[in-house]
Amino acid sequence: MPNYYQPEIETMPYEDIRALQNERLLKQVRHVWDNVPYYRKKMEEKGVTPDDIQSIDDLYKLPFLSKDDLREAYPYGLLGMPLSECVRIHSTSGTTGKRVVAFYTQHDVDLWEDCCARAIVAAGGTKEDVCHVAYGYGLFTGGAGLHGGSHKVGCLTLPMSSGNTDRQLQFMTDLGSTILCCTPSYAAYLAESIYERGLRDQIKLKAGIFGAEAWSEDMRRDIEDKLGIKAYDIYGLTETSGPGVAFECSEQTGMHINEDHFIAEIINPETGEVLPEGSKGELVFTAITKEAFPLLRYRTRDICVLTRKKCSCGRTHVKMSKPMGRSDDMLIIRGVNVFPSQIETVLLQKGYPANYQIVVDRVNNSDTLEVMVEMTPEMFSDSLGQIARMEKELVAALKAMLGIMAKVKLVAPKTIARSEGKAVRVIDKRKI
Ligand code: DLL
């Protein structure tokens, strides 16, 4: 039997969700118009007033917000409440340009933690569980979000943060962690360490809640097999509060978006046109309950598909597919669109671990693509001929997937730095 954290909301009939969204949208547009001069100006420039928005059908009339807007309005320009009402900030992990800072009232924190609690319960969590939170704590939203959700469910919460793998494994075995929350790349690293130290029999993990970065179905299977758990995806971004905007249920075929808090749209990233259900495009969110940072029509840059197919778990909220890469993660190499996730899929299918680095450069006016891939200890060999054969086989498999030639360099086990948070997979030297 599926479990719900807030069944009256999570299994609400579609018409009721829509009615709730309509009501909340109208209120939110008014709130933003009255309290966020930056967005009000954008609406005025487009000739839109709150009276023009009578239901979700009018959403398309509202202007988009992008990361550039957030940077321009940094730090307080999009604040919807007096600073004295705010109790928290979080910030993106962005490495370029100004960071994005998001604000929360106590009400915002509360609703966000509810969303994360829903994700934990959907992964089978109850108050009997020991929830091991190994997402980073601090400005990053991963630690705080899952921590708050775990409290709400009533799990025993281990606020581990990321890093210090010895300590992670010690607590995991001594305190019997049953749910692991961290990035998929850190989960893969922990799984590798558990395997190497022969600790598999001493861990009690049953589920993992992994997100914050792209991970493939092959990586999911790999982690599930190594740890003997079910691995659930969780999605979110700092701008919309953090993790828990969407989460996977027992069906593991996409993530339910918490539609009582967010209206999702898919648009054509080039033209901004709203696309029908089932189309692949850029995900756009309108936050309809947030007070302090009430973003309307925020362009996430994440490319995915939405579907309302009936779900066996009984939840009625729309599902998003795994993001198929970000529109700004896409590499254009010799005119061909390449997503790092395509490369990962090839590597995992060929039995390589998910430890790789992609280096893009420009030599003699032509783009080059090099993929450094770690071998497993079982594959590792001193025979240069054997390694050359394996590299050749990978070059062919990558050519079949990407349509272009890549140079492959196989390296010894443990040579590529492990990530404790979001993995850095791509080095694009053309941009340096
Ligand atoms: O990554 C929030 C989060 C924390 C989500 C913990 C899940 C778990 P940011 O650092 O602002 O926030 O990064 C947001 O990360 O636009 C996506 O591109 C990517 N992302 C987040 N979750 C997933 C996922 C957090 N499940 C950006 N799959 C988003 C793929 C994801 N990409």
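Residues numbered from 1 in each chain as written. Predicted model: local features only at pLDDT ≥ 70, side-chain atom pairs only at ≥ 80, totals over all residues. Heavy atoms only, no water.

**Remarks on the pairing of strand β8 (residues 242-248)**
Burial runs high along β8: seven of the seven residues are buried. The hairpin formed by strand β7 (residues 230-237) and β8 contains four residues between the paired strands, and Ser241 there has a positive phi angle of roughly 110 degrees. As paired elements, β8 and strand β9 (residues 255-257) share three bridges and run antiparallel to each other. Bridge pairing links Ala246 to Ile257 in β9. (Buried < 20%, exposed > 50% of the residue type's maximum accessible area, 1.4 Å probe, protein only. Helix = DSSP H or I, 4+ residues; strand = E, 2+ residues; numbered from the N terminus. Pairing = 2+ DSSP bridges.)

**Some remarks on the site of the ligand**
The ligand sits among 21 residues. The nearest are Asp233, Ile234, Thr238, Asp302 and Arg326. Contact distances for the ligand include 2.7 Å between a nitrogen atom and a backbone N or O atom of Ile234. Computed on the free molecule, the ligand has an accessible area of 610 Å², of which 94% lies beneath the protein chains in the complex. Listed by contribution, the elements that provide at least two residues to the shell around the ligand are α6 (141-153) and β7. Here the element with the most residues in the shell around the ligand is β7; it accounts for five residues. (Near = heavy atom within 4 Å. Polar contact = N/O pair within 3.5 Å; in protein donor to acceptor, adjacent residues only side chain to side chain. Areas by Shrake-Rupley, 256 points an atom, 1.4 Å probe, with all protein chains shown as cover.)

**Some remarks on the packing of aromatic side chains**
Note on aromatic pairs: each is described by the distance of the centres and the angle between the planes. Enumeration over the complete set of coordinates arrives at eight aromatic pairs. Centroid distance Phe210 to Trp215: 5.8 Å. Interplanar angle 75 degrees. Geometry classified as edge-to-face. For the pair formed by Phe210 and Trp215, the shared burial category is buried. Aromatic ring contacts, followed pair by pair, group Tyr76, Phe103 and Phe293 into a single cluster. In this arrangement the basic side chain of Lys290 is found over the ring face of Tyr104, its NZ or CZ atom lying 5.6 Å from the centre. For the cation-ring pair, Arg299 lies above Phe64, with the distance from its terminal atom to the ring centre recorded as 5.4 Å. (Phe/Tyr/Trp six-rings, centres within 6.5 Å; stacked < 30°, edge-to-face > 60°. Lys NZ or Arg CZ within 6 Å of the ring centre and 35° of its normal.)

**Some words on the pattern of salt bridges**
Once their charged atoms are close, side chains differing in charge can pair, the charge on each being opposite to the other. Taken as a whole and assessed by the stated rule, the structure comprises 30 salt bridges. The partner of Arg18 in a salt bridge is Asp57, and the shortest N-O contact between them spans 2.8 Å. Of this pair, Arg18 sits in helix α2 (residues 14-35) while Asp57 sits in the loop between α3 (37-45) and α4 (67-72), and the two are 39 residues apart along the sequence. The exposure class of Arg18 is partly exposed, given its relative accessible area of 25%. Judged by its relative accessible area of 52%, Asp57 is exposed. As a salt-bridge pair, Arg221 and Asp218 come within 3.3 Å of each other at their nearest N and O atoms. Here Arg221 pairs with Asp218, and both are found in helix α9 (residues 217-227), just three residues apart, close to one helical turn. You can call Asp218 buried: its relative accessible area is 16%. Here the residues in one salt-bridge network are Glu192, Glu196, Glu374, Lys414 and Arg418, joined through shared partners. (Salt bridge = Lys/Arg side-chain N within 4 Å of Asp/Glu carboxyl O.)

**Side note on unusual backbone geometry**
The omega torsion of the bond from Tyr74 to Pro75 falls at -5 degrees, within 30 degrees of zero and hence cis. Note that Pro75 resides in the loop between α4 and β1 (86-91). Positive phi, normally seen in glycine, also occurs at Lys414, with a value near 70 degrees. Following the sequence through the fold, Lys414 ends up in the loop between β18 (407-411) and β19 (426-428).

**So, the packing of helix α5 (residues 106-122) against α6**
Where α5 meets α6, the axes come as close as 7 Å, and the angle between the chain directions of the two elements is 75 degrees. In terms of axis orientation, α5 runs roughly perpendicular to α6. When α5 is examined against α6, the residues Asp110, Trp112, Glu113, Asp114, Cys116, Ala117, Ile120 and Val121 are found in contact with a partner set consisting of Thr141, Ala144, Gly145, Leu146, Gly148, Gly149, Ser150, Lys152 and Val153. (Axes fitted to C-alpha atoms, helices over the stretch in contact; angles between N-to-C directions. Parallel < 35°, antiparallel > 145°, perpendicular 65-115°, else oblique. Contact = heavy atoms within 4.5 Å.)

**Considering the sheet that holds β18**
Read from one edge of the open sheet, four strands run β18-β17-β16-β19, paired in mixed fashion. Two strands in the sheet have a free side with no partner beyond their single neighbour: β18 and β19. The mean inter-strand angle of the sheet, taken between neighbouring strand axes irrespective of direction, is 20 degrees. One ladder, built from three bridges, connects strand β16 (residues 356-363) with β19; its direction is parallel. Its bridge partner lying in β19, Ile358 is registered against Val426. Its contacts with the sheet place helix α11 (residues 384-402) against β17 (366-374) and β18, and it is angled at close to 135 degrees to β18.

**Re the domain arrangement of the chain**
Segmenting the chain into domains produces domain 1 (1-327) and domain 2 (331-431). Contacts between the two partners involve 20 residues from domain 1 and, on the opposite side, 15 residues from domain 2. Between domain 1 and domain 2, the buried area comes to about 1,500 Å², and carbon and sulfur atoms account for 52% of it. There are three salt bridges connecting domain 1 and domain 2. The salt bridge partner of Glu196 is Lys414, with a shortest N-O separation of 3.0 Å. Seen at the junction of domain 1 and domain 2, the total is seven residue pairs in polar contact (both at pLDDT 80 or more). Elements supplying a minimum of two residues to the side of domain 1 that touches domain 2: α8 (184-196) and α9. For the side of domain 1 that touches domain 2, the leading source of residues is α8, giving five residues. (Domains from an automatic or database assignment. Buried area = accessible area lost by both parts, 1.4 Å probe.)

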